[in-house]
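One-letter residues, chain by chain:
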Amino acid sequence: GRLASDAASAIGAGGGADKHSSGIPKLLARKYKGHAVHDAEQLVSAAPSGTRRSARANVRGEMRGVVMGDLEREDRMYDGGSGRERAGGRFVKGRMSPFRNRQRDIGATSSRFDQKEEMWKANNIARLEYFAKDADGYDSDEDLEPIVSEDDEDYMDLDNHELIKKQGNDFIVNIDLGEGESQDRRGRLPPYEPPMGYDPQADTIEYQYLFRDLVDVDHPILDMPSKPKSEAILPLRGSGPSLGDFLQATMDHPSKYSLVQRVNKHPDSKREARPTFPRDRKLPSEDFVNKYKGFLFVSGLVPHLDEKTGDVLEFDDPLHQQSISEAAAKVFGVTTLDVSPATPTSAFVGFATKNDAKEALINALNDCMVTHPTELSAFDGLDEEKMTDEQKEFVSSAGDTNHVLKVTGVPVEVTSVEVIRAMFPPGSKLEAMFGPFTRSDYLRLSPTTLLINLGSSDLVSKALKSTNIANNAALVGKRNLQMMRAKRERVFDGWSGPNRAFAKSKLGKRLFVHGDIPPEDLFLSHHDVLHIAGLPPSVTLRDLATFFQPFCADQRDVVGSGHIVRCARGVPTGCAYIGFELPGELDQVKEMYNGKAIISEAPVTLRPVWDKELRRGVRQGARSERSLEELDDDLNNWERHVDPKDIKELEDLGVEKSILDEVMRTLRHHNRTFSSIDQAMPGERLYPERRVGTHYRDFVKKYIKILKSCVATRENPGLMYEAMFSPDQDVELGLFDIEEKRIAELRKKGI
């Protein structure tokens, strides 16, 4: 009964709040020094730290350890007598044993226990220290791994087990010894004896988990069929710089074949575009850039306007910047410390990770509508001393300031053409009454103020009273925010690899927005690229191709030579990139417009995209062009590479020039080595040490030289012909007569 109670207590401890799964480590921590442990099999077969044990194995280990420990304590009571028990390595006086007539000498018993303890410690101290170590601070593996589910074959249901009963929070185990197990007259189990053929070395942790796959070659796990691998050729996933990293990546590759390649780019393919920043954008500080990992850029925020003039207040005002930060922080659900104002209507927003920035962008796209305070009023004139030439010309063409309608609070990103078309829709009665309007009938006085010349004061008063025009103007002020991704610029950081062949880069201090640089394909496939800003959203790539066609020698590629920048919602931002294939075309555009042009009735700014400095190599520029005569001469005129005397000599020997023409033409046309590869421009050549066309030239020279050395005549038959005869034998020249007759017959047949 006491054994069952102790075993049940151990099981209850394993299933309660202070749950413990591994039988040995925690159990030893509770025992005193003199408490013996007989379960050697439990010690040597326990799983190492990090492996998971089933619930049945846990309970079995706990129960066996406690039961065998209590049997040892009873054994000491039978053998030790005298009411003294060993605790903490000392003999203390305690309860008198009922077996007083079987007491033995206390000193002899103490000596025998000390010897057994030393032997046990010598054999098991290393294993106990291994289990006692717990670098993660957990008591057992059960604290790290989940409990075994009911579907597992090792699952043990304590509530419905035939040998276990639950009383309250404790479990009572009915230990029923099977047939063949005997007890002595004191009720003790016989000492544990290992099975036949037991190998202590093979039962160690080191053997099981380190040397099993090397020593036990017949282990069944080695005979298990592996998953068949694919026959596809897949790129090898990136690994570290060491050989071990490469081997590990090869072992983890899902296919039988892996592909590792390094593209050898020529200098023109290594070009990088410099970002085209707006001139009024303020970049974040270095501390702000280093603080975050993900960034977004938002534009179209409502600026602070002057109540009298309707113009945007100074951006340097701290209160103005604080309002911008608050507006941007409200959009993305962050604090104002996470915002860096860029312009009066835009800001950068930082996030801890790129995933946070992505989630914030997706959430903000659902509700990003803002309302600008667009208002209509009569124009009261300007200070003549501060007026520009363009403003003076507009006022003089209007005739009187009373003929001009003033619109304030216009969104900065909205063009003047959009405002005119929104207030006076084309084909409507409003346009018929107040229009039509030309480019000279309106003037953008400031980013948020527009002047419209209606032609008379009566029309101005009617426009101010019209609710339709007022509603249309209010619709202009309702705009969606434009949100785009932003990231840190990468800058050059030296060379690495064998012979310092690979360029390194690091994160720079500046942030650029999606759209500040052109697409890589567009930039690398064109000689020059132009950046356009201020376009109306209705402009298409075909409109841009039509506008720049007069400056191009060839027909423009509408899709491949242009790109319109769009925000995260897919709405055009007013910026675009145009590519020019030949040198000099962009120079004509710059000379014609000087950085400003009118496209679709909207004034736009034109800025060329500059290249970053090439660290190695020289840009080759445009590909050369040749006329038809030059191409024909290069394909067929092989004679320029040899001496005319050699050609005449071969003709005299029977090798006609027409035959050589056919050989050289076939070689030049149908062999890539002497055609496209040999004609490739510098930087794209397979053999960069050779100049263009030299491979074909060297071959023609060598071919003629070898052909001359192979020709045999009666006067000089050559070593090859003479080797057909013995040294003491006369050289028979009758073969030359036979060959002359054969060639003569072929000539008669026209061959």
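Everything here concerns the structure above.
Residues numbered from 1 in each chain as written. Predicted model: local features only at pLDDT ≥ 70, side-chain atom pairs only at ≥ 80, totals over all residues. Heavy atoms only, no water.

**Some points on the packing of aromatic side chains**
Put simply, the rule is: Between 30 and 60 degrees the pair is tilted, below 30 it is stacked and above 60 it is edge-to-face, where a pair is any two Phe, Tyr or Trp rings, Trp via its six-membered ring, whose centres lie within 6.5 Å. Partly exposed residues are those whose accessible area sits between 20% and 50% of the maximum for their type, while under 20% is buried and over 50% is exposed, using a 1.4 Å probe and protein chains only. The criterion is that NZ of a Lys, or CZ of an Arg, lies within 6 Å of the ring centre and within 35 degrees of the ring normal, and then a charge sits over that ring.
Tallied over the entire structure, the rule returns 16 aromatic pairs. Consider the rings of Tyr 292 and Phe 295, whose centres lie 6.5 Å apart with planes at 80 degrees: the pair is edge-to-face. Both residues of the pair, Tyr 292 and Phe 295, belong to the buried class. Members of the aromatic cluster, each reached through a chain of ring pairs, are Phe 547, Phe 548, Phe 551, Phe 580 and Tyr 593. The ring centre of Phe 297 lies 4.9 Å from the NZ or CZ of Arg 281, which sits over that ring. Lying across the ring of Tyr 696, Arg 668 places its NZ or CZ 5.9 Å from the centre.

**Notes on the pattern of salt bridges**
This is how the line gets drawn: One speaks of a salt bridge when a side-chain nitrogen belonging to Lys or Arg is within 4 Å of a carboxyl oxygen belonging to Asp or Glu. Secondary structure is summarised from DSSP: a helix means a run of H or I of at least four residues, a strand means a run of E of at least two, and numbering begins at the N terminus for each.
Tallied over the entire structure, the rule returns 21 salt bridges. Residue Glu 231 is joined to Lys 256 by a salt bridge in which the shortest nitrogen-to-oxygen separation is 3.0 Å. One end of the pair, Glu 231, is in strand E5 (residues 230–235); the other, Lys 256, is in strand E6 (residues 255–259), and 25 residues separate them in sequence. What makes Glu 231 partly exposed here is its relative accessible area of 48%. Among the ionic pairs, Asp 634 bridges to Arg 626, the shortest N-O distance being 3.7 Å. Its relative accessible area of 41% is what places Arg 626 among the partly exposed residues. Three or more residues are tied together by salt bridges with common partners; here these are Glu 272, Glu 489, Arg 510 and Lys 612.

**Quick look at empty space enclosed by the protein**
What counts, and what does not: Think of a 1 Å grid over just the protein atoms. A cavity is a set of points where a 1.4 Å probe fits yet cannot get out, a pocket is an open set with protein on both sides within 12 Å along at least five of seven lines, and lining residues have an atom within 4 Å of a point. Grid points are joined across faces, edges and corners, and a volume is the space filled by probe spheres set on the points. Gly falls in the polar group here, along with every residue not listed as nonpolar (Ala, Val, Leu, Ile, Met, Phe, Trp, Tyr, Cys, Pro) or charged (Asp, Glu, Lys, Arg).
Considering all chains together, one arrives at one cavity of 30 Å³ or more under this definition. Here the largest cavity is characterised by a volume of approximately 50 Å³. Every residue along the wall of the largest cavity is listed here: Leu 535, Pro 536, Pro 537, Val 539, Ile 564, Pro 572, Gly 574 and Cys 575. The leading source of residues in the lining of the largest cavity is strand E20 (residues 572–580), at three residues. Counted by class, the lining of the largest cavity contains seven nonpolar, one polar and no charged residues.

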